[in-house]
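Next come the chains, spelled out residue by residue.
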Amino acid sequence: MDIHKKFSSCWQRVVESCCSKRLKPNEPEPEKQDTGVNIDPGSTHQPEPTSAISRPLPPTPVAVQPVQRYIALFDYSARTEEDLSFNTGDILEALDKSPGEWWIARALTGVSASQQGYIPANYVAPVESIDAEPWYFPDTKRQDAERMLLAEGNDQGAFLIRNSESLKGELSLSVLDKGKVKHYKLQKLENGYVYVSKTKPFATIKELVDYYTEQANGLCVRLGEPCKKMQMEAPQTYGLSYNTVDLWEIERQSIELKRKLGAGQFGEVHEGLWNGTTSVAVKTLKPGSMDPIDFLQEAQIMKKLRHPKLIQLYAVCTTEEPIYIITELMKNGSLLEYLQKDRGTTLQITDQIEMAAQVAAGMAYLESQNYIHRDLAARNVLVGENNICKVADFGLARVFMKENENVYEAKEGCKLPVKWTAPEALHENRFTIKSDVWSFGILLYEIMTFGQTPYPGMSNMQAVQWLAKGRRMSCPPNCPTVLHKIMMNCWKENEQVRPTFETLQWQLEDYFDLDTSSYDDSTRY
Ligand code: AMP
């Protein structure tokens, strides 16, 4: 097909211009190994999402010793012949960190001992860094910390250290004491020393832990064993492998479609296996449902949007139809189905708010990148293990819409998300991050009603007319009024006074902190 050929060569040029030369795993080590990407021992193990395109890294000052030895935080099973398999706890030596998200390393221990190959950089942490400590659970929420510490296998004094939810950049210590979990803020002095009690500051967190492992000295209990790690989901790698980060038009034959997961208005979604090794989701688009050039322009941007709460776009097959969009696979499918199936049997208000907060976090990232979703709804949020939620299909609506500037009179057969769409987007085709905020209010309603269709009993037309009179949906049954207030803020007529996603994120994340009277016993010191 001509259009595809034209597109392929133009895409190839884009890719070539973006890709930098990379060292093959078996090429000799480069002379310049000091990559300047030493991980700050105090940093969290997941590096900030960086651009998919590798950049030259600044040279490291001579005085700084590059960190070379890393410990595996998760198991990793090689996906290509050039990858290394390893298990949690294995020690690896980084040989070349310049590719950015995939490093070349040599395994010093474990199944691949003395072999050399690519490893995902976000699966390892420098030996002796806080990330490598068995008690460091950086991204664990206060409630999850309680659930984990109270789980079987933990004894009196079991503890963990996590990022504080209420104070960004600070840490909290959670300890099990007589069947209850206590939380302490780890405060910092101006000189960087940390303390629980101001009279006893420590240069490092490890020293603090070692000290309170010897004696309680004011803590409710002497620290015991680190909290047992429940099965933790390994983070998403950047791209499927080292060579799909930039070159992500992949061979169709490398994808095996295993089973159909669902169907949407533009095609089907299948569970697939890439390279015979890696489970993925494959969206197959109905021929003619979008212009491939248009899609690829958008996909260029979409692939750079990386955040733990966004579904990662891994690769595409666009040289012939049907177009394949390959993304990470989410075990529990769409949030809408998840909510409707559950109807409150296992999900509690805490879970619902936690899920809403995750969506807000993903959207806050899009907001920070000046990107608009355009079709935010529970059907476009996907759920993984442990109620993990990620926003999907961001930006795709624009590609589907583009042919006809007004989506709502657009292509035949389109189901129009009228009930999710802000008035200014509906009437004036004005889509902004603030129209996404409106949709988020509707999504919150879906979460609180376990997937009920908004404006129950009303047709699309009736809902539009009803809204035009200044009416809004009332507080759903069993929904805290604070949450209804948040929805109402999202549905303000004047889009300028609707909250930002950043605000929505912290309002939801802090919901429980604000609600509890004794956040930290440490204030007793
Ligand atoms: P969509 O065409 O995006 O509306 O997807 C249709 C259905 O496929 C959804 O309702 C989900 O149940 C399922 N689905 C879509 N994407 C994924 C994914 N990445 N992982 C798992 N299931 C998915």
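As the structure is a computational prediction, the values presented were derived from the model and not from experiment. Throughout this document, residue positions are counted from 1 along each chain, in the order its sequence is written. Only residues with pLDDT of at least 70 are given local features in this predicted model, and only at 80 or more are side-chain atom pairs given and counted; all residues enter the totals for whole chains, interfaces and linings. Side-chain numbers come from the whole structure's heavy atoms, not from hydrogens or water.

A. The arrangement of the sheet that holds strand β9 (residues 194–195) in detail. Across the sheet, which stays open at both edges, the four strands sit in the order β6-β7-β8-β9 with antiparallel pairing between neighbours. Both edges of this open sheet fall to β6 (159–163) and β9, since each of them pairs with a single strand only. With seven bridges connecting them, strand β7 (residues 171–177) and strand β8 (residues 180–188) associate as antiparallel partners. Directly across from Ser 172, in β8, lies its bridge partner Lys 185. Strand pairing is assigned whenever DSSP identifies at least 2 bridges connecting the two strands. Only DSSP runs of H or I covering at least 4 residues are called helices, and only runs of E covering at least 2 are called strands; the numbering of each starts at the N terminus.

B. Up close: helix α6 (residues 349–368). In this scheme, a helix's expected span is set at 1.5 Å multiplied by one less than its residue total. Compared with the 28 Å implied by 1.5 Å per residue over 20 residues, the 28 Å span of α6 between its first and last C-alpha is a close match. Type-normalised accessible area, obtained with a 1.4 Å probe on protein chains alone, sets the label of each residue: buried when under 20%, exposed when over 50%, and partly exposed for intermediate values. With 17 of its 20 residues buried, α6 lies for the most part within the structure. Looking one or two residues past α6, Asn 370 carries a phi angle of roughly 55°, positive in sign.

C. View of empty space enclosed by the protein. A pocket, in this scheme, is an open set of points on a 1 Å grid over the protein atoms alone with protein on both sides within 12 Å along at least 5 of 7 lines, while a cavity is a set where a 1.4 Å probe fits but cannot get out; residues line either one if an atom lies within 4 Å of a point. Grid points are joined across faces, edges and corners, and a volume is the space filled by probe spheres set on the points. Tallying each qualifying case throughout the model produces one cavity of 30 Å³ or more. In this model, the largest cavity occupies a volume close to 70 Å³. Lining the largest cavity are 13 residues, with Arg 374, Trp 420, Thr 421, Phe 431 and Ser 439 positioned closest to its centre. Of all the elements, helix α9 (residues 433–448) adds the most residues to the lining of the largest cavity, at three residues. Taken together, the residues of the lining of the largest cavity break down into seven nonpolar, three polar and three charged. Put simply, Ala, Val, Leu, Ile, Met, Phe, Trp, Tyr, Cys and Pro go in the nonpolar bin, Asp, Glu, Lys and Arg in the charged bin, and everything else, Gly too, in the polar bin.

D. Summary view of the site of the ligand. Nearness is judged by heavy atoms alone; a residue qualifies as near a molecule or strand once a single heavy atom is within 4 Å of it. If you check the shell around the ligand, you find 16 residues, and the closest are Ala 281, Lys 283, Glu 328, Met 330 and Glu 337. Identification of polar contacts relies on pairs of N or O atoms within 3.5 Å, with a donor-acceptor requirement for protein atoms, meaning one able to donate a hydrogen and the other able to accept it, and with residues adjacent in sequence counted only if both atoms are side-chain atoms. Contact distances for the ligand include 3.5 Å between a nitrogen atom and a side-chain N or O atom of Thr 327. Side-chain polar atom of Glu 337 to an oxygen atom of the ligand: 2.9 Å apart, as the coordinates give it. Only the protein chains shown count as cover for residues, and the accessible areas themselves come from Shrake-Rupley with a 1.4 Å probe. Relative to its free-state accessible area of 490 Å², the ligand is covered by the protein chains to the extent of 86%. Of all the secondary structure elements, the ones that give two or more residues to the shell around the ligand are β10 (255–264) and β12 (278–285). No other element matches the four residues that β10 contributes to the shell around the ligand. Of the residues that constitute the shell around the ligand, the class distribution is seven nonpolar, five polar and four charged.

E. Region of interest: the pairing of strand β11 (residues 267–274). Where burial is concerned, most of β11 is hidden: six out of the eight residues are buried. As defined by bridge partners, β10 adjoins β11 across eight bridges and the pair is classed as antiparallel. Its bridge partner being in β11, Gly 264 is matched across the sheet by Gly 267. Between β10 and β11, which pair antiparallel in sequence order, lie two residues. Note that β11 and β12 share eight bridges and pair antiparallel. From the neighbouring strand, His 270 faces β12, where its bridge partner is Val 282. In textbook terms, the turn of a hairpin is the stretch between consecutive antiparallel strands, and for β11 and β12 this stretch comprises three residues, one of which, Asn 275, has a positive phi near 60°.

F. Summary view of the packing of aromatic side chains. Aromatic rings from Phe, Tyr and Trp, with only the six-membered ring used for Trp, were paired whenever their centres fell within 6.5 Å, and each pair was classed as stacked if the ring planes differed by under 30 degrees, edge-to-face if by over 60, and tilted otherwise. Evaluation of the coordinates by the stated rule reveals 12 aromatic pairs. Where Tyr 118 meets Tyr 242, the ring centres are 3.7 Å apart and the plane angle is 0°; that geometry is what we call stacked. Taken together, the positions of Tyr 118 in strand β4 (residues 116–120) and Tyr 242 in the loop between α3 (205–214) and β10 put the pair 124 residues apart, joining distant regions of the chain. Given the relative accessible area of 1%, Tyr 118 is considered buried.

G. Examining the sheet that holds β10 more closely. Taking strand neighbours across the sheet as the criterion, the five strands line up as β10-β11-β12-β14-β13 in an open arrangement whose pairing is antiparallel. Of all strands in the sheet, those with a lone pairing partner are β10 and β13 (313–317), marking the two edges. Direction aside, the axes of adjacent strands within the sheet are offset by 25° on average. The axes used here are C-alpha line fits, helices contributing only the stretch in contact, and every angle between their N-to-C directions lies in the interval 0 to 180 degrees.

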